[in-house]
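Spelled out, the chains give:
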Amino acid sequence: MELTLDSVLADAVNRLATAAKDRRHPMHTPVVGTADGDLRIMVLREATPDLATLRFHTDLRSPKCGLIGSGAPVSVLAYDPEARIQLRMRGEGRIESQGPIADAAWERATASSRRCYLAEIGPSGLLEAAGSAIPDHLLHRAPTIDETFPGRANFAVLLVEVRSLDWLHLTHEGGIRARFTRTSAAASWQQTWLAP
Ligand SMILES: Cc1cc2nc3c(=O)[nH]c(=O)nc-3n(C[C@H](O)[C@H](O)[C@H](O)COP(=O)(O)O)c2cc1C
């Protein structure tokens, strides 16, 4: 099949959508960057077909939530070593802890995945000894759904509107690279091939 800019964009969309659903997919845990230069791995929960939304779940107490707030630049980097495809994305991120998106994400989360939001100290909080800050009685078992309710106050979603996507396929001949940019999700993509 001939590679076109449209087919490359479709490949990226398909890869991200699949990765969000498949925990074994190498792009399931991309690296998320913030404007302070910090990076961290996060689980990709959803990628909409128009890439208007990449959804991640996070703890509202973590430093990145304060940094991103209601709007800030966010980058997302994913690599599939088997396909040898790298996706570099930049966009506008926002944190939502209230509202229908956060509510629906919390409702769908299993009790065991809600457990981390029950930690008594939020991410990056100082501890006097090594540990997770999860209450002792929940250290070795999943909480019941009722026990997870206090964690809702700490739960938030990070939503990223992708405005720039760089697709790179490494090959023995050197590779193929394409870039897609837009000013907002409502605008159409500007697309071009680039030297790898
Ligand atoms: C495999 C893996 C998956 C992770 N998934 C998430 C996630 O989905 N959300 C999240 O906030 N942190 C996740 N983390 C933890 C982050 O990498 C990071 O340590 C934490 O969010 C604190 O980041 P911050 O100090 O930049 O706010 C994950 C870490 C690993 C190793």
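Everything quoted here is computed from the prediction, not taken from an experiment.

Caption draft 1: Expanded view of the pairing of strand 1 (residues 31-34). In this sheet, strand 2 (residues 39-41) lies alongside strand 1 in antiparallel orientation, the contact comprising three bridges. Each bridged residue has a counterpart across the sheet, and for Gly33 the counterpart in strand 2 is Leu39. Here strand 1 hands over to strand 2 after four residues, with Gly37 in that stretch at a positive phi of 90°. With four bridges connecting them, strand 1 and strand 5 (residues 72-80) associate as antiparallel partners. Residue pairing across strands places Val31 opposite Leu77, the latter belonging to strand 5.

Caption draft 2: View of the UniProt feature "domain: Pyridoxamine 5'-phosphate oxidase Alr4036 family FMN-binding" (unreviewed entry) in the protein. According to UniProt, the "domain: Pyridoxamine 5'-phosphate oxidase Alr4036 family FMN-binding" (unreviewed entry) feature falls on residues 37-95. In residues 37-95, the share of helix is 10% and the share of strand is 56%. The end C-alpha atoms are 18 Å apart.

Caption draft 3: How the structure looks around the site of the ligand. Every residue near the ligand is listed here: Arg40, Ile41, Met42, Val43, His57, Thr58, Ser62, Pro63, Lys64 and Ser124. Within the contact set of the ligand, an oxygen atom lies 3.2 Å away from a side-chain nitrogen or oxygen of Ser124. Surface burial for the ligand is 60%, taken as the share of its 620 Å² of free accessible area covered by protein chains. Those elements that place two or more of their residues in the shell around the ligand are strand 2, strand 4 (54-59) and helix 2 (63-68). For the shell around the ligand, the per-class residue count stands at four nonpolar, four polar and two charged.

Caption draft 4: View of the nonpolar core. With 35 residues, the main nonpolar core has Leu54, Phe56 and Leu87 as its most contacted residues. With eight residues, the single largest contributor to this core is helix 1 (residues 5-21). Of all hydrophobic cores here, the second largest spans seven residues; its members include Tyr117, Phe155, Val157 and Leu159.

Caption draft 5: Fine view of the layout of surface pockets. One number sums up the size of the largest pocket: a volume of about 490 Å³. For the largest pocket, the lining is made up of 21 residues, of which His28, Val43, Arg45, His57 and Ser113 are closest to its centre. It is strand 4 that provides the largest number of residues to the lining of the largest pocket, a total of three residues. Classifying every residue of the lining of the largest pocket gives eight nonpolar, five polar and eight charged.

Caption draft 6: Focus on helix 1. Counted at 1.5 Å a residue, the expected span for helix 1 with its 17 residues is 24 Å, and the 25 Å between its end C-alpha atoms agrees. Within the sequence span of helix 1, burial applies to Leu5, Ser7, Val8, Leu9, Ala12, Val13, Arg15, Leu16, Ala17, Ala19 and Ala20. Here the buried face of helix 1 lies against strand 3 (44-47), strand 5, strand 6 (85-96), strand 7 (155-169), strand 8 (176-181) and strand 9 (190-194).

How each quantity is defined
- Residues numbered from 1 in each chain as written.
- Predicted model: local features only at pLDDT ≥ 70, side-chain atom pairs only at ≥ 80, totals over all residues.
- Heavy atoms only, no water.
- Pairing = 2+ DSSP bridges.
- Helix = DSSP H or I, 4+ residues; strand = E, 2+ residues; numbered from the N terminus.
- UniProt positions renumbered as here; feature names shortened; annotations may be inferred.
- Near = heavy atom within 4 Å.
- Polar contact = N/O pair within 3.5 Å; in protein donor to acceptor, adjacent residues only side chain to side chain.
- Areas by Shrake-Rupley, 256 points an atom, 1.4 Å probe, with all protein chains shown as cover.
- Nonpolar A, V, L, I, M, F, W, Y, C, P; charged D, E, K, R; others polar.
- Core = buried A, V, L, I, M, F, W, Y, C linked by side-chain atoms within 4.5 Å.
- Buried < 20%, exposed > 50% of the residue type's maximum accessible area, 1.4 Å probe, protein only.
- 1 Å grid on protein atoms, 1.4 Å probe; cavity = no way out; pocket = protein on both sides within 12 Å on 5 of 7 lines; lining within 4 Å.
- Points joined across faces, edges and corners; volume = space filled by probe spheres on them.
- Expected span 1.5 Å × (residues − 1).
- Contact = heavy atoms within 4.5 Å.

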